[in-house]
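Descriptive analysis of the structure
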Amino acid sequence: MCYNPSMHKALTEVDPEIARLIEAEEKRQREKIRLIPSENYTSAAVLEASGTVLQNKYSEGYPGKRYYEGQQNIDPIEALAIARAKALFAVDHANVQPYSGSPANLAVYLAFCQPGDTIMGMGLPAGGHLTHGWSVSITGKYFRSVAYGVRKETGRVDLDEVRELAKKEKPKLLWCGGTAIPRTIDFAAFADIAKEVGAILVADIAHIAGLIAGGAHPSASAHADIISTTTHKTLRGPRGGMLMCKGQHAGAIDKAVFPGLQGGPHNQTTAGIAVALKEASTDAFKKYAHAIVENAQALATELSARGYDLVSGGTDNHLILVDLTNKEVPGKKAAQALDKAGLVLNYNSVPFDPRKPFDPSGIRLGTPAVTSRGMGPAEMRQIGAWLDRGVQAARTADDAALEKIAGEVRELTGRFPAPGL
Ligand code: DSN
């Protein structure tokens, strides 16, 4: 059942223990309904490109300017990935070497800040990312970090509040984007604020890169100085990162990624990114991106109808954040029970959460992976019903009910094969 049976054969011979675990993970991904909004199924083509001899090659530097010989094939692969990223996201410059989202973001700090400089981002509990200056991250320790949040009544960013704070604090970098934002990000408004206070605007589009590529979320390219993204979420590529920017920042960004922060790029990942970007430029991907949003809205509507308290009241994108306080089940207990029922999601803090991040009040879920399997609104309504039964079973610790749901889930997933498996 492996995507590459010959590789699997060698692996089984050499290391049956690891081979068995990979097979078990394939089975898990096949049989369960994966609702973690930052996860997806890459295509067989991306998986193939990512598991190749390209990983045997060192390529410190950039195409045409390397510190190692033998780049006859690596240079054109990286050049293709760069060209495709530039075309897809309509940017002047792209760097496809960051190992993932956090290193990409660190490179932005290295490019533009000195330790101790003031930076501003969305707080983690409000939906921001650790690397946007949260206290436990290096970015909150090495810089003077100021956090904005969301309004309690609306669950949405209050841009007037962001403007006031930015005018008072004068940050060098202003981050927008994050990991638990169910609503459209107003890049133009953030750009106005950044301009007003002389900050560099960094749009972290990791969660929504695929939606932007497919035209299902407004683009950041006309507004942000720097765009940071991972490549494996809605964009459906391999685990990796990219930085894109206006031409004037190209040199600073490239220098920060290499030699500033990283060594040799992971060429097998670069090839996987190139393939994913090609796939993301197709009409089929545009339909996929819009279907993700349609599915998230169908699931949100179903959950709302069942009395679930959705942060901000719903979703504009791929992600739904649910406060389970009124259901009398904490997020972690619900997420662990739902996993037994074959429904995999995150426990997650909600804005103004009175509980601790390791045992918070909410759950975070999304539709990129189920949409990759070809599921639609009818399946989302069914998933909403299962989630409701699962949360009730979590409250009453009814393992038999969870097992019953798991059986029904397996029946559904059997009818919707996952890409790459
Ligand atoms: N870990 C990612 C997520 O799940 O949103 C963010 O880094």
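A brief look at the structure comes next.

Analysis parameters
Residues numbered from 1 in each chain as written. Predicted model: local features only at pLDDT ≥ 70, side-chain atom pairs only at ≥ 80, totals over all residues. Heavy atoms only, no water. Helix = DSSP H or I, 4+ residues; strand = E, 2+ residues; numbered from the N terminus. Contact = heavy atoms within 4.5 Å. Buried < 20%, exposed > 50% of the residue type's maximum accessible area, 1.4 Å probe, protein only. Pairing = 2+ DSSP bridges. Axes fitted to C-alpha atoms, helices over the stretch in contact; angles between N-to-C directions. Near = heavy atom within 4 Å. Polar contact = N/O pair within 3.5 Å; in protein donor to acceptor, adjacent residues only side chain to side chain. Areas by Shrake-Rupley, 256 points an atom, 1.4 Å probe, with all protein chains shown as cover. Nonpolar A, V, L, I, M, F, W, Y, C, P; charged D, E, K, R; others polar.

A word on the environment of Ser 137. Residue position: Ser 137 is located in the loop between β5 (118–122) and α6 (138–141). Between the C-alpha atoms of Ser 137 and Gln 336, which are 199 residues apart in sequence, the distance is 26 Å. In contact with Ser 137, not counting residues within four places along its chain, are Leu 130 and Thr 131.

Another aspect to go through is the side chain of Ser 349. Among the secondary structure elements, Ser 349 is positioned in the loop between β14 (346–348) and β15 (362–366). The buried category is assigned to Ser 349, whose relative accessible area is 16%. Non-local contacts of Ser 349, meaning those with residues more than four positions away in its chain, are made with Leu 321, Pro 357 and Pro 360.

This part is about the sheet that holds strand β6 (residues 144–148). Strands sit in the order β4-β10-β9-β8-β7-β5-β6 across an open sheet of 7 strands; the sheet is mixed. Because the sheet does not close on itself, it has two edges, and the strands there are β4 (93–95) and β6. For this sheet, the mean angle separating the axes of adjacent strands, direction not counted, is 20 degrees. The sheet contact formed by strand β8 (residues 200–204) and strand β9 (residues 226–230) spans 3 bridges and is parallel. Residue pairing across strands places Ala 203 opposite Ile 227, the latter belonging to β9. Against the sheet, helix α8 (residues 187–197) makes contact with β6, β7 (173–177) and β8, and its axis sits at roughly 170 degrees relative to β7, the strand it touches most. Running over the sheet, helix α10 (residues 250–261) touches β4, β9 and β10 (241–245) and is turned about 5 degrees from β4.

This next bit is on the site of the ligand. Every residue close to the ligand is listed here: Ser 38, His 129, Thr 179, His 207, Lys 233 and Arg 364. The contact in question runs from an oxygen atom of the ligand to an N or O atom on the side chain of His 129, over 2.8 Å. Burial of the ligand by the protein chains amounts to 64% of its free accessible area of 230 Å². Grouping the constituent residues of the shell around the ligand by class yields no nonpolar, 4 polar and 2 charged.

Along the chain, the position of Gln 55 falls in the loop between α3 (44–50) and β2 (61–62). In the structure, Gln 55 is positioned 14 residues away from Tyr 41 in sequence and 21 Å away in space, judged by C-alpha atoms.

In short, the description is geometric, and any link to function would need to be established separately.
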